[in-house]
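Report on the structure
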Amino acid sequence: MRKLATGAAFAATTVCLSVAVSGIAGSTSPLGSGPFKLPSAAADELPAFENCGELLDWYVEKALPQVGPWGFGYPYIMYGGPFMLEDSIMTLSGAVPMPAAFNTVAARDTAEATGSSATGTNVQEAGIDEPDRAKTDGRLVFQIHERQLVVTDVSGDEPVELSRTPMPSKFNAENLLLVGDTVIVTATSYDYAPMGRMAADYYYGGVASSQIAVYDVGAPRNPVLVSEHSYEGTLVEARQYGDTVRLVLQHSGLPELDFVQPGRRRTERDATRENREILRNSTIDEWLPLAEHDGVEGPLVDCQDVRHPLTDSGLGTISVVTFQASDPSDDSAVAVTTSGSVAYSATDRLYVATPVMPEYRVEPWGLGNFREVAPPDAPARTEIHAFDLTADGTTYAASGTVQGMVKDRWSFDDHDGELRVATSLTKSWETTDNAVTVLRQDGGELRVLGSVRGLGPKEEIKSVRWFDDFAVVVTFRQTDPLYTVDLTNPADPKVLGELKIPGFSAYLHPIGDDRILGLGSSATNEGQVTGAQFATFDISDLRDPQQLDVLRMRDVDELTAAWDPHAFNFIGGHAFTIANSWAHKSNSRIIKLAVGADGGLTELTSYPSSYEARILPIEGGRVALVGDAIRIVAD
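Residues numbered from 1 in each chain as written. Predicted model: local features only at pLDDT ≥ 70, side-chain atom pairs only at ≥ 80, totals over all residues. Heavy atoms only, no water.

So, on to the overall build of the protein. Along the protein, the regular secondary structure elements total three helices and 45 strands. Split into buried and exposed, the 635 residues of the protein put 61% on the buried side. Of all intrachain contacts in the protein linking residues separated by at least 6 positions in sequence, the fraction that spans at least 24 positions is 61%. Carbon and sulfur atoms provide 47% of the accessible area of the protein, an area that totals close to 24100 Å². (Helix = DSSP H or I, 4+ residues; strand = E, 2+ residues; numbered from the N terminus. Buried < 20%, exposed > 50% of the residue type's maximum accessible area, 1.4 Å probe, protein only. Contact = heavy atoms within 4.5 Å. Areas by Shrake-Rupley, 256 points an atom, 1.4 Å probe, with all protein chains shown as cover.)

Now the structure itself:
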């Protein structure tokens, strides 16, 4: 596939999604059937581009301010638009989204404990599976290990490895989905493009390429590679709904162009002028990303099938691809010219969000120095785009705006046709307050029904847990306020209760009987973190939430579940998670906790492990601890 360069304003993207791989707007193509049939996007409420010329003009106009004497970005590094979030990797070009899922898993009923998906993964929404490093059908475990697909039989007393299948060449396998006898392995790679004709050791921007490899594992001793698919852009997420899979991709929208640089015969002003003319003379084929199915390359969508929001949401293109696990080549796609940094998927809705901060820029000031031009004293906002999901595809539905910044996709919840969002209200880059806002679709617009503020002023949101009629929000700066928010009347949400204790919970998990388990960090009254901790809470009285028990672990620096819920599972009344102690030689272990009827916490045992291990329930009431090796234990 041809390589596209990314520029200084690469938009952070973590699209809330329903397993979609992003493809992007494509140029007009004679490929009208086969793996690259060009379906019409049904996003009628969002304006479409009339032709490729109009789409090219849009891209050039948005990118022009980013072009300087060295091409895109360097040394004029401009920031603004989409904000870089905690789940992003910072590069000179902006923020590249992390591929994994982070933070709190959603729940619906406090009377029952939240379990895992049918393939053993601790997921965000019931009925929607998420890619992970290991999966199980109860008798077999499938895992990605050392660039191989490993299949292990766990039906007996001891695990028996059945096969190790190497990944395709240059395929940096990350996670997998298990759909019947089909395994879909996902990967994202980054190449780095040189800045114009400068020396090869000057690089900027991660050029993302996303791949999937599809295996038939009906014969587990001999998995068969069925097909390979590649997409230009960052694989933000993937989700599985029964046999339907969706992938979300984000492309920065900046091509690799033959820019000039200043020198003895060319001033910086002249170089900037020439580079902007080079940009104006670019073609649509240089902008649009490609997809490749089993070696056949082509555009994913036609220019006329690309939509654009009514309000500016950043330079870039987000695509959502829908296909059946049995035939990824027979896909459909919808594309929107926007940047996205957060994505959340419910059963029938996908939301893509773009947090927007007031713009600022870093400019050269003297030889080798830079100065920062501060942003205006204005609040941040989050642009949200909603998509309807069906078994056949994905269509645009509506857009809206909320005040403040979302922490990640776990800040969202879709319930009874309404979208609830937890945001941090900022000013001059500092958090001033936190809020929960409820939106409802009205035609092509997501309108605010109601909002409540006052959740931990000047504190950070650490975790959110959504239930049918209320939410639990944890913030932290010095103490750990745990707030309960009444959402019974979406037009008038209210803060009902508040519990202030030292430390904080970065992950909340319902364990039944109106109780939740919090995993996070202990801290002094001054806010100094002193180690990891587990805590149980009683939320039966929303006006008066209570802490039932706390288990502090001063020899543990971090619980992996605090940033990756896939490293946690609640099985048979026991909590399993990974504890990391970086100062010790054996720095990671899986901890098994008993949670008593009164909420009491007891550490039962621990097992040597790695911080990337997984805990999967298997048949016979047993548990597979999956790492470099597999251990079978009782729940």
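Next comes the rest of the account.
It is worth spelling out the pattern of salt bridges at this point. Taken as a whole, this structure holds 24 salt bridges when the rule is applied. The partner of Arg589 in a salt bridge is Asp555, with the nearest N and O atoms 3.9 Å apart. Taken together, the positions of Arg589 in strand β41 (residues 588-595) and Asp555 in the loop between β37 (546-553) and β38 (558-559) put the pair 34 residues apart, joining distant regions of the chain. In this structure, a network of salt bridges that share partners links the residues Glu130, Glu237, Arg239 and Arg409. (Salt bridge = Lys/Arg side-chain N within 4 Å of Asp/Glu carboxyl O.)

Spatial ordering of the open sheet is given by β6-β7-β8-β9, a layout of four strands whose pairing is antiparallel. Bordering the open sheet on either side are β6 (134-136) and β9 (160-166), each of which pairs with just one other strand. Here the average twist between neighbouring strands, direction ignored, is 15 degrees. With six bridges joining them, strand β8 (residues 148-153) and β9 adopt antiparallel strand pairing. Across the sheet, Val150 pairs through a bridge with Arg164, a residue of β9. (Pairing = 2+ DSSP bridges. Axes fitted to C-alpha atoms, helices over the stretch in contact; angles between N-to-C directions.)

Let us now look at the pairing of strand β17 (residues 296-299). Bridging between strand β16 (residues 290-293) and β17 involves four bridges; their strand directions are antiparallel. Bridging from a neighbouring strand, Leu290 pairs with Pro299 of β17. Between β16 and the antiparallel strand that follows it, β17, lie two residues; Asp294 among them carries a positive phi value of about 50 degrees.

On to the sheet that holds strand β14 (residues 234-241), then. Here five strands make up an open sheet; going across it, the order is β14-β15-β19-β20-β18 and the pairing mixed. Whereas interior strands pair on both sides, the edge strands pair on one side only; in this sheet they are β14 and β18 (306-307). One ladder, built from eight bridges, connects strand β15 (residues 244-251) with strand β19 (residues 317-324); its direction is antiparallel. Along β19, the bridge assignment pairs Leu249 with Ser319.

On the surface, Trp563, Trp582 and Tyr611 cluster together into a nonpolar patch covering about 320 Å² of accessible area. Structurally, Trp563 can be placed in the loop between β38 and β39 (568-571). For Trp563, a relative accessible area of 31% puts it in the partly exposed group. (Patch = residues over 30% accessible without salt bridge, like charges linked within 9 Å, V, L, I, M, F, W, Y side chains within 5 Å.)

A large share of strand β27 (residues 418-427) lies buried, amounting to nine of its 10 residues. Pairing of strand β26 (residues 412-415) with β27, which is carried by four bridges, proceeds in the antiparallel orientation. Opposite Phe412, over in β27, you have Val421 as the bridge partner. Between β26 and β27, which pair antiparallel and follow one another directly, the connecting turn spans two residues, one of which, Asp416, has a positive phi of 50 degrees. Bridge count for β27 against strand β28 (residues 430-442) is 10 bridges, and the pairing is antiparallel. Residue pairing for β28: Ala422 is matched across the bridge by Val436. If you look at the hairpin formed by β27 and β28, you'll find two residues sitting between the two strands, and Ser428 has a positive phi there, around 55 degrees.

This part covers the confidence of the model for the protein. Across the protein, the average pLDDT comes to 80, with 78% of residues at or above 70. Here strand β4 (residues 88-91) is the element of the protein with the lowest mean pLDDT, 32, and β6 is the one with the highest, 98. Within the model, pLDDT remains below 50 along residues 1-44, and this stretch shows 248 contacts once partners closer than five positions in the same chain are excluded. (pLDDT = per-residue confidence, 0-100.)

Of all hydrophobic cores here, the largest spans 40 residues; its most connected members are Leu279, Ile284 and Trp287. Elements with a minimum of two residues in this core: α1 (52-63), β10 (173-179), β12 (203-216), β14, β15, α3 (284-287), β19 and β20 (327-336). Per-element accounting of this core gives the leading share, seven residues, to α1. (Core = buried A, V, L, I, M, F, W, Y, C linked by side-chain atoms within 4.5 Å.)

Take the environment of Asp129 next. Note that Asp129 resides in the loop between β5 (94-97) and β6. Here Asp129 falls in the buried class, since its relative accessible area comes to 7%. Taking the C-alpha atoms as reference points, Asp129 and Arg239, separated by 110 residues in sequence, lie 5.8 Å from one another. Side chain to side chain, Asp129 and Lys135 meet in a polar contact 2.9 Å long. (Polar contact = N/O pair within 3.5 Å; in protein donor to acceptor, adjacent residues only side chain to side chain.)

What follows deals with unusual backbone geometry. At Asp294, a position not held by glycine, the phi torsion is positive, near 50 degrees. Here Asp294 falls in the partly exposed class, since its relative accessible area comes to 45%. Residues other than glycine seldom take positive phi values, yet Lys458 does so here, at roughly 65 degrees. With respect to the helices, strands and loops of the structure, Lys458 is situated in the loop between β29 (445-453) and β30 (460-466).

Given two aromatic rings, one states the distance between the centres and the angle between the planes to describe the pair. The tally for this structure, following the rule as stated, stands at 10 aromatic pairs. Through a chain of ring-to-ring contacts, three or more aromatic side chains come together here, namely Phe49, Trp58, Tyr59 and Trp287. One Lys or Arg, Arg246, reaches over the ring of Tyr241 and ends 5.2 Å from the middle of that ring. When the ring centre of Phe504 is taken as origin, the NZ or CZ atom of Lys462, which lies over that ring, is 4.8 Å away. (Phe/Tyr/Trp six-rings, centres within 6.5 Å; stacked < 30°, edge-to-face > 60°. Lys NZ or Arg CZ within 6 Å of the ring centre and 35° of its normal.)

Okay, the environment of Ser332 next. Along the chain, Ser332 turns up in strand β20. Once the C-alpha coordinates of Ser332 and Val301 are considered, the two residues, 31 residues apart in sequence, prove to be 8.5 Å apart.

Within the secondary structure layout, Gln240 lies in strand β14. Look at Gln240 and you get buried, because its relative accessible area is 10%. There is a polar contact of 3.1 Å between the side chain of Gln240 and the backbone oxygen of Gly242.

Moving on: a negative patch on the surface. Together, Glu50, Glu54, Asp57 and Glu61 line one region of the surface with negative charge. Relative to the helices and strands, Asp57 resides in helix α1. The class of Asp57 is exposed, set by a relative accessible area of 53%. (Lys, Arg positive; Asp, Glu negative; His and termini not counted. Charge placed at Lys NZ, Arg CZ, Asp CG, Glu CD.)

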